[in-house]
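# Notes for the structure review
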Amino acid sequence: MRFAPEEPTETSWHCVTERWRCYAIEKKYGWKLLSVERTSNTTLKYKCIFEGETQFPDYRSDED
């Protein structure tokens, strides 16, 4: 039996103060949430791990 090598999945992450915010980000930006992990930080308590490269839009841009 031969197994095809699994292609590495690119992931990215963003930290949040509350777990539910990971799901809100997923819904708002259409990113696929893979998991939510607890961090050791007392403010940004959760790490949202998303599939692929994710980047928040730059709202400071002057381009219209």
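What follows deals with the environment of Asn41. The residue Asn41 is located in the loop between β2 (33-38) and β3 (46-51) in this model. Taking the C-alpha atoms as reference points, Asn41 and Thr17, separated by 24 residues in sequence, lie 9.4 Å from one another. A polar contact is formed between the side chain of Asn41 and the backbone nitrogen of Thr43, at a distance of 2.6 Å. Within polar-contact distance, the side chain of Asn41 engages the backbone nitrogen of Leu44 at 2.8 Å.

This paragraph deals with the pairing of β3. The two faces of the sheet receive side chains in turn, since in a regular strand these alternate between them. In terms of strand pairing, strand β1 (residues 11-16) meets β3 through six bridges, oriented antiparallel. Paired with Cys15 across the bridge in β3 is Lys47. Where β2 and β3 come together, five bridges link them in antiparallel fashion. Of the residues in β3, the one forming a bridge with Ser35 is Ile49.

Counted under the stated rule, the structure contains four aromatic pairs. For the pair Tyr29 and Trp31, a centre-to-centre distance of 4.9 Å together with 20° between the ring planes defines the contact as stacked. Classification of Tyr29 by relative accessible area gives partly exposed; the value is 24%. Using a relative accessible area of 13% as the deciding quantity, one classes Trp31 as buried. Measuring from ring centre to ring centre gives 5.2 Å for Trp31 and Phe56, while their planes differ by 50°; the resulting arrangement is tilted. Of this pair, Trp31 sits in the loop between α1 (20-29) and β2 while Phe56 sits in the segment after β3, placing them 25 residues apart in sequence. The exposure class assigned to Phe56 is partly exposed, which follows from its relative accessible area of 35%. Cluster of aromatic residues (ring-pair linked, three or more members): Tyr29, Trp31, Phe50 and Phe56. Over the aromatic face of Trp13 sits the side chain of Lys47, whose NZ or CZ is 4.5 Å from the ring centroid.

About the thresholds
Residues numbered from 1 in each chain as written. Predicted model: local features only at pLDDT ≥ 70, side-chain atom pairs only at ≥ 80, totals over all residues. Heavy atoms only, no water. Helix = DSSP H or I, 4+ residues; strand = E, 2+ residues; numbered from the N terminus. Polar contact = N/O pair within 3.5 Å; in protein donor to acceptor, adjacent residues only side chain to side chain. Pairing = 2+ DSSP bridges. Phe/Tyr/Trp six-rings, centres within 6.5 Å; stacked < 30°, edge-to-face > 60°. Buried < 20%, exposed > 50% of the residue type's maximum accessible area, 1.4 Å probe, protein only. Lys NZ or Arg CZ within 6 Å of the ring centre and 35° of its normal.

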